[in-house]
Amino acid sequence: MCGIAGFWRPSGLPSDASGHLTAMTGAIAHRGPDSSGHWFDDDAGMALGHRRLAILDVSEHGHQPMASASGRFQLAYNGEVYNFAELRRELRSAGASFRGDSDTEVLLAAFECWGVEAAVPRFAGMFAFALWDSVQRTLYLVRDRLGEKPLCYGWQGDTFFFGSDLHALRAAPGWSASIDPGALSLYLRHGCVPAPLTIYADIAKARPGTMRILHEPTPGAEPVEYRYWSASGVAREGLAHPRAESDEALLDDADALLRRVVLREMRSDVPLGAFLSGGVDSSLIVALMQAQRSRPVRTFTIGFHEAGMDEAKHARAVATHLGTEHHEVYLTPAELLATVPTMGRVYDEPFGDSSQIPTTLLAQVTRQHVTVSLSGDGGDELFGGYSRYLRANRIWGRVSAVPGGLRQSASRRLQQGALAWTRQGQGSTILHRASRVAGLLGVSSGIEFYRNLVSLSRSPSEFLTGVAEPPTAFACVDAELPGATLLSQMMYLDLVSYLPDDILVKVDRATMSVGLESRAPLLDHEIAEFAWRLPVRAKVRDGRGKWILRQLLQRYLPEPLVNRPKMGFAAPIGSWLRGPLREWTGDLLAPDRLRRAGLVRPEAVARIRTASDRGVSQWDAQLWSLLMFESWREGQAARPPVLAAS
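Residues numbered from 1 in each chain as written. Predicted model: local features only at pLDDT ≥ 70, side-chain atom pairs only at ≥ 80, totals over all residues. Heavy atoms only, no water.

S.K.: Please clarify how the state of the cysteines should be interpreted in this entry.
M.R.: Working definition of a disulfide: a covalent bond connecting the sulfur atoms of two cysteines. A complete count under the given rule lists zero disulfides for this structure. Take Cys2: it sits in no disulfide, and the sulfur closest to it among the cysteines is that of Cys152, at 16 Å. On the basis of relative accessibility, which here comes to 5%, the residue Cys2 falls in the buried class. (Disulfide = S-S within 2.5 Å. Buried < 20%, exposed > 50% of the residue type's maximum accessible area, 1.4 Å probe, protein only.)

Structure follows, in structure tokens:
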């Protein structure tokens, strides 16, 4: 796991190109604390930088940026290609030779042997890289299939910049970018900024499963996007041709596939362990690790004294049964609270998922013992694990039975009444729920219903002035999955939006902030393709999701350790906002401060603060997202960025 950064100035490198690149790589030193490297092509105006977290071949043979054998390609690469050993054998048989044992060298040999477009689909893993082809004078920016590793890019004047995250781009000398109002609107709705947008205008994220290709650019030219893997294509194919085998046959296939993938992702030349919450997904990953390892797997859990947050006892029971070398640390409320103000620096753009705090603390604890940790991320999105899927299906079934005209009329009346009372300062739990019900009644489709259900705010325009919300994946699901059930649509949307833009951002930034590599075996593309071919009965059965994973886990754990209620991993933000964080919240969300920034409407923020203070907990998540935005903004340049023109 590493960090990459670089720039292309077609008119020629600036006089202090080395200083520019040093600033960019220095800003992401936490992603690669072991070493750094720079490479320049003066004639082309290309600069590549790298920060290394040494995982495979920790010798100098793994140093980057790295050149291919012929010198044609230069690569700055972040991630792991887990099938590199198999690819190496195939490339050797084709005549390639290798100096070291890193997967980086295998990627370069693959580019030379097969070409870039043909090589990338053969990589199994998580990766984001910048590849320079000196013969074709072409830059490739490539991101893995499901978005585990980040990559952003954009023009600043006559220079094209790119990097692992926005920390690197912001460190470039002369950086000047304004906040994108549309991205801010989406952030207030979802608590994260969905790709391809970033919080900054004219700076983008590469989308999962794509490569961006830039030839001899002119300032402002958009790289051509080439999609080498399509989640919608995989979903359509799986839904059109579901597997028809027996439950036992599906379980056997799932067991064999998962064991193979987990074993492959355990390859490491540095200490390795696993996150263990005691839930189905992480327990299954640890069970499959331990089943294929002679020594105890090192597992890590953090515990909390707050009621409703502590999963440590469940993780301890799983670890005891499997015989792992278990590490458990209980954290105090003071330790949790002390982490809150640092989130604006850990995350490179505003991020409002409160589970960022326990995730960051878990990463800190784990890094004290290992450099690589496996996780169970991806199980809910691929195998129907979220309880909201079943809830949305049930509620929409009832709502959609009511004639559309009657629903719309009831929605308007409820909304008007709730809005009038809220603006008069009469915030209450009942009024908030009335407003939410109004929004749910007013939708015209199941997927629009789901969008409202998972939105922090159904109307971000209440907090912004004259801002149009850009379209997201919700707008095109009917075209991408025509005729699919609501359950399939919800799972697909979470796979292409919530997973890469929230869950994986949270994990990447939290782990990389302490130089820890996190691997998610359930996000292997073979498992994703397998999951989409499963019949619904293998995912949702008897009112519960992840049926096949639960059944598989019972091959390794007793049933009482498998079937327990799911527990979230979020912080108690409501009690914090009304208690120990009240003064800090008041400072960051002070009307005068918001008015000077000109980004968010102070009166709208004041309304929900008042409601929250009165105990209307439904506003807590929205208030937290606003607080995290202001905390992030405060942590950026001394001169706050201005709002871009709509």
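On we go.
S.K.: Explain the nonpolar core here, please?
M.R.: Side chains of a nonpolar character, in soluble globular proteins, are inclined to be buried together. Judged by nonpolar contacts, the single largest core of 108 residues is most densely connected at Phe111, Val120, Phe123, Phe129 and Ile548. Ranked by residues supplied to this core, first place goes to helix H20 (residues 486–512) with 11 residues. In this view, Val120 contacts Phe111, Phe127, Phe129, Val142, Arg145, Met211 and Tyr228; residues no more than four positions away in its chain are not counted. Counting 74 residues, the second-largest nonpolar core is a separate cluster that includes Val370, Leu589, Met628 and Phe629. (Core = buried A, V, L, I, M, F, W, Y, C linked by side-chain atoms within 4.5 Å. Helix = DSSP H or I, 4+ residues; strand = E, 2+ residues; numbered from the N terminus. Contact = heavy atoms within 4.5 Å.)

S.K.: Can you walk me through the sheet that holds strand S5 (residues 73–81) in this structure?
M.R.: Sheet strands pair by backbone hydrogen bonding; their relative direction is either parallel or antiparallel. Spatially, S4-S5-S6-S7-S11-S12 is the arrangement adopted by the six strands of the open sheet, whose pairing is antiparallel. In this open sheet, the two edge strands, each paired with only one partner strand, are strand S4 (66–67) and strand S12 (224–227). Sitting on the sheet, helix H3 (residues 103–114) touches S4, S5 and strand S6 (125–133), and the angle it makes with S5 is about 125 degrees. (Pairing = 2+ DSSP bridges. Axes fitted to C-alpha atoms, helices over the stretch in contact; angles between N-to-C directions.)

S.K.: Is there a simple way to think about helix H6 (residues 181–190) in this case?
M.R.: Of all 10 residues in H6, 10 are buried; the element is thus mostly enclosed. Within H6, the full set of buried residues consists of Pro181, Gly182, Ala183, Leu184, Ser185, Leu186, Tyr187, Leu188, Arg189 and His190. Elements in contact with the buried residues of H6: helix H18 (446–454), H20 and helix H28 (620–635). Among the residues of H6, the N-terminal cap falls to Asp180, whose side-chain oxygen and the backbone nitrogen of Gly182 are separated by 2.9 Å. Looking at the residues trailing H6, positive phi occurs at Gly191, about 80 degrees. (Polar contact = N/O pair within 3.5 Å; in protein donor to acceptor, adjacent residues only side chain to side chain.)

S.K.: Just checking my understanding: could you explain the packing of aromatic side chains for this structure?
M.R.: Aromatic rings considered in pairs are described by the distance between their centres and by the relative angle of their planes. Under the criterion given, the structure shown has 22 aromatic pairs. Aromatic side chains Tyr386 and Tyr498 sit 6.0 Å apart centroid to centroid with 70 degrees between the ring planes, which places their arrangement in the edge-to-face category. With Tyr386 in the loop between helix H14 (379–383) and helix H15 (387–399) and Tyr498 in helix H20, this pair connects stretches of sequence that are 112 residues apart. Among the aromatic residues, ring-to-ring pairing joins Phe73, Tyr77, Phe111, Phe123, Phe127 and Phe129 into one connected group. Positioned above the aromatic ring of Trp114 is the side chain of Arg122, whose terminal nitrogen or guanidinium carbon lies 3.9 Å from the ring centre. (Phe/Tyr/Trp six-rings, centres within 6.5 Å; stacked < 30°, edge-to-face > 60°. Lys NZ or Arg CZ within 6 Å of the ring centre and 35° of its normal.)

S.K.: Sorry if this is basic, but what is going on with the confidence of the model for the protein chain here?
M.R.: In regions of low pLDDT, the predicted coordinates are not meant to be interpreted in detail. Predicted confidence across the protein chain gives a mean pLDDT of 91, with 91% of residues reaching 70 or more. Per-residue pLDDT stays below 50 along residues 637–646; that stretch engages in 17 contacts with residues further than four places along the chain or on separate chains. (pLDDT = per-residue confidence, 0-100.)

S.K.: Is there a simple way to explain the pairing of strand S11 (residues 210–215) in this structure?
M.R.: Side-chain direction in a regular strand flips from residue to residue, so the side chains alternate between the two faces of the sheet. Counting buried residues along S11, five of its six residues qualify, which places the element largely inside the surrounding structure. Pairing between strand S7 (residues 138–143) and S11: five bridges, direction antiparallel. Paired with Tyr140 across the bridge in S11 is Ile213. Pairing between S11 and S12: four bridges, direction antiparallel. In the sheet register, Arg212 faces S12, and the bridge partner there is Glu225.

S.K.: Mind showing me how you'd approach helix H7 (residues 231–240) here?
M.R.: For an α-helix, the turn length of 3.6 residues means that residues three or four places apart are oriented alike. Those residues of H7 lying buried are Ala231, Ser232, Val234, Ala235 and Gly238. Along H7, the residues classed as buried sweep out an arc of 160 degrees about the axis, all on the same side. Turning to H7, the residues buried within the fold contact helix H19 (477–480), H20 and helix H21 (525–532). (Arc of directions from axis to C-beta.)

S.K.: Just to check I follow, could you spell out the sheet that holds strand S13 (residues 272–275) for this structure?
M.R.: Overall, parallel pairing links the five strands, which are arranged S15-S14-S13-S16-S17 in an open sheet. Each end of this open sheet is capped by a strand with a single partner; those strands are strand S15 (325–331) and strand S17 (517–519). Looking at each pair of strands side by side, their axes are set apart by 30 degrees on average, direction ignored. Pairing geometry for S13 and strand S16 (residues 372–374), over three bridges, is parallel. Bridge pairing links Ala274 to Leu374 in S16. Contacting strand S14 (298–304) and S15, helix H10 (residues 312–322) crosses the sheet at an angle of about 170 degrees to S15.

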